[in-house]
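Remarks on the overall topology
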Amino acid sequence: MRATPILPAPAPADRPRSFGRRRAGCLIAVHLLIAAHIVHWRLAGRTLAPLELNEVVYTLELGILTAGFVFMVLITLSVLLFGRFFCSWGCHILALQDLCAWLLEKVHIRPKPVRSRAMLLTPLGVMGLMFLWPTAQRLLAGEPLPTWRVMRPEDPWGSFVTDDFWRNLPGPWIAGLTFLICGFVIVYALGSRSFCRYGCPYGAVFGLMDRLAPGRIVARGDCSQCGACTAACQSHIRVHSELTVFGRVVDPQCLKDLDCVAACPEGAIGYGIAAPALFASWKRGAVRRPRADYSWGEELAIAAIIVLGVLIFRGLYDALPLLLSVALATLLAWIALTTWRVIGGVPVRAVRLTLARQGAVTLAGWGWLTGAFMVLLLTLHSASMRLHEVALNRAYDATEQALARGDEPAAERHAATGVGHALALHRWGLIRPDGLLLRTASLLEWTPHPRLAEPFLRELIDRGAHEPEARLRLAALLARDRRSAQAIEQLELARRLIPAMPRETGERYQQRLDQVAAMIADTPEYSPGGGAG
Ligand code: SF4
Ligand code: SF4
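Residues numbered from 1 in each chain as written. Chains lettered and ligands numbered in written order. Predicted model: local features only at pLDDT ≥ 70, side-chain atom pairs only at ≥ 80, totals over all residues. Heavy atoms only, no water.

Focus: the site of ligand 1
- Neighbouring ligand 1 are the residues Arg-84, Cys-87, Cys-91, Ile-93, Leu-94, Phe-195, Cys-196, Cys-200, Gly-203 and Phe-206.
- The set of elements that each furnish at least two residues to the shell around ligand 1 consists of helix H5 (92-106), helix H8 (194-198) and helix H9 (201-210).
- Of the residues assigned to the shell around ligand 1, the class counts are eight nonpolar, one polar and one charged. (Near = heavy atom within 4 Å. Helix = DSSP H or I, 4+ residues; strand = E, 2+ residues; numbered from the N terminus. Nonpolar A, V, L, I, M, F, W, Y, C, P; charged D, E, K, R; others polar.)

Put into structure tokens, the structure is as follows:
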């Protein structure tokens, strides 16, 4: 296999010892650009729509062309030509993972990579769920595919310019938790770059494209088989073996960070043009790879736990996004399998601790079992909360459909069922999200006891959430309850919020406001000028 190096081999003295500093500089610049983008939005009130890759889903599902979709297409094209440079030089999740690995290295910890075939398939599954399933679902239901359209800046989902920069981004707590789990915990538990390998659906797309890319890490000199490149590779690729067998790195997990190029004492590695890898990495036995850590039976159990975990965690408390759920489910599978081995007395080490040896559980093992028991309880609790959430959402939809048909008895029945699930969530849930408060209030409004919705709406208002929706609903409730002075007060507060809203949203709320004002005017206690009897 002949490869064409793009650059001639540098003399040993000219060779960088590492590309780490340049890459760190590049990743810091990415974060500074993100910060500048946010500052621009805060100052100008309108800015370039976020270059957030998950907005691809909105293009595929709703047909709204988004800046995130265009960005994804551009990155994919770049990977198709040059390989996965974006991943190691531009991705903020990778930056966190490498930062974590670097910090651990500073304290002489190099997490042992966990090798699982089921985990390796997870990103492909998530990719299918995010990018293919919505379209497949439509086609199966015989529905037409959405027509792609460009939205104006004033629209709630402006395609390229938006007033609502945070429209699809998580709040600070969930963002922090995502960074902690996907950037740090998973690296410590499963090895460096394990989120890229075991969780990232974008990485799955880029991995497929990388197989077709002519830009590759190539052999360009005599290799002494010292293995320095393999030792330097944070993606756990057997670089020296691949270069010997294929003349290039064919593993699609190669993120083109160039660490192997810098590490080679012979200057025998470079970046250049070579035949695409296609399926070379699948050739059995061509490159000796480390064995998987799990038997096929265990791999099946891992796959089942990951699927179950995603079903439990995704959307839990209206909060957990898909990628965080995938990371949590993967960690759950790893904890479950490790625990299974500890209980079975199999000698097992995890996170640098010996948990069991020769049929006996060690002290660290008992600590592990205690922690695993807590994780089990938390998971069961989360599963039961998720079931209540799903039932609540179903009841909510059924109530709305019954109301649309004008079937009030059915609406009341569904609303009562929904309230039961909502109250269980209020009582037992660890978090009471804003959406839960709003849905509870809505369902209660459709029961024979609408007054019970008032404390939920007031709590929303105290939190400053769902404005002016919560105030308008409260005003309507108060008007129905003949407390027109209080209703007018809420209405006026809602009115003040409308000018700051995007035009079409503001117009929609203005109509609602006029309807509630008419309701208040119809109450016998109402007297023009704000007084009430
Ligand atoms: S695989 Fe995903 S998380 Fe990893 S660097 Fe690429 S885009 Fe980022
Ligand atoms: S093979 Fe080389 S360029 Fe690719 S990830 Fe490993 S060290 Fe980085």
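Some thoughts on the side chain of Arg-471
- Considering the arrangement of structural elements, one finds Arg-471 in helix H19 (residues 469-480).
- Once residues within four sequence positions are removed from consideration, Arg-471 is found in contact with Ile-461, Gln-490, Leu-493 and Ala-494. (Contact = heavy atoms within 4.5 Å.)

Some words on the environment of Leu-145
- Along the chain, Leu-145 falls in the loop between helix H6 (117-140) and strand E3 (161-162).
- It is 7.2 Å that separates the C-alpha atoms of Leu-145 and Thr-135, two residues lying ten residues apart in sequence.
- Setting aside its immediate chain neighbours within four residues, Leu-145 contacts Thr-135, Arg-138 and Leu-139.

Some thoughts on the packing of helix H13 (residues 296-313) against helix H15 (residues 363-405)
- Contact pair H13 / H15: the axes reach a minimum separation of 8 Å and the direction vectors enclose 55°. Considering their axes alone, H13 and H15 lie oblique with respect to each other. Here H13 contributes Leu-311, Ile-312 and Phe-313 to the contact with H15, which in turn contributes Thr-379, Ser-382, Ala-383 and Arg-386. (Axes fitted to C-alpha atoms, helices over the stretch in contact; angles between N-to-C directions. Parallel < 35°, antiparallel > 145°, perpendicular 65-115°, else oblique.)

Re the site of ligand 2
- All residues in the neighbourhood of ligand 2 are listed as Ile-217, Cys-233, Ser-235, Val-239, Cys-254, Leu-255, Lys-256, Asp-257, Leu-258, Asp-259 and Cys-260.
- Classifying every residue of the shell around ligand 2 by side-chain character gives seven nonpolar, one polar and three charged.

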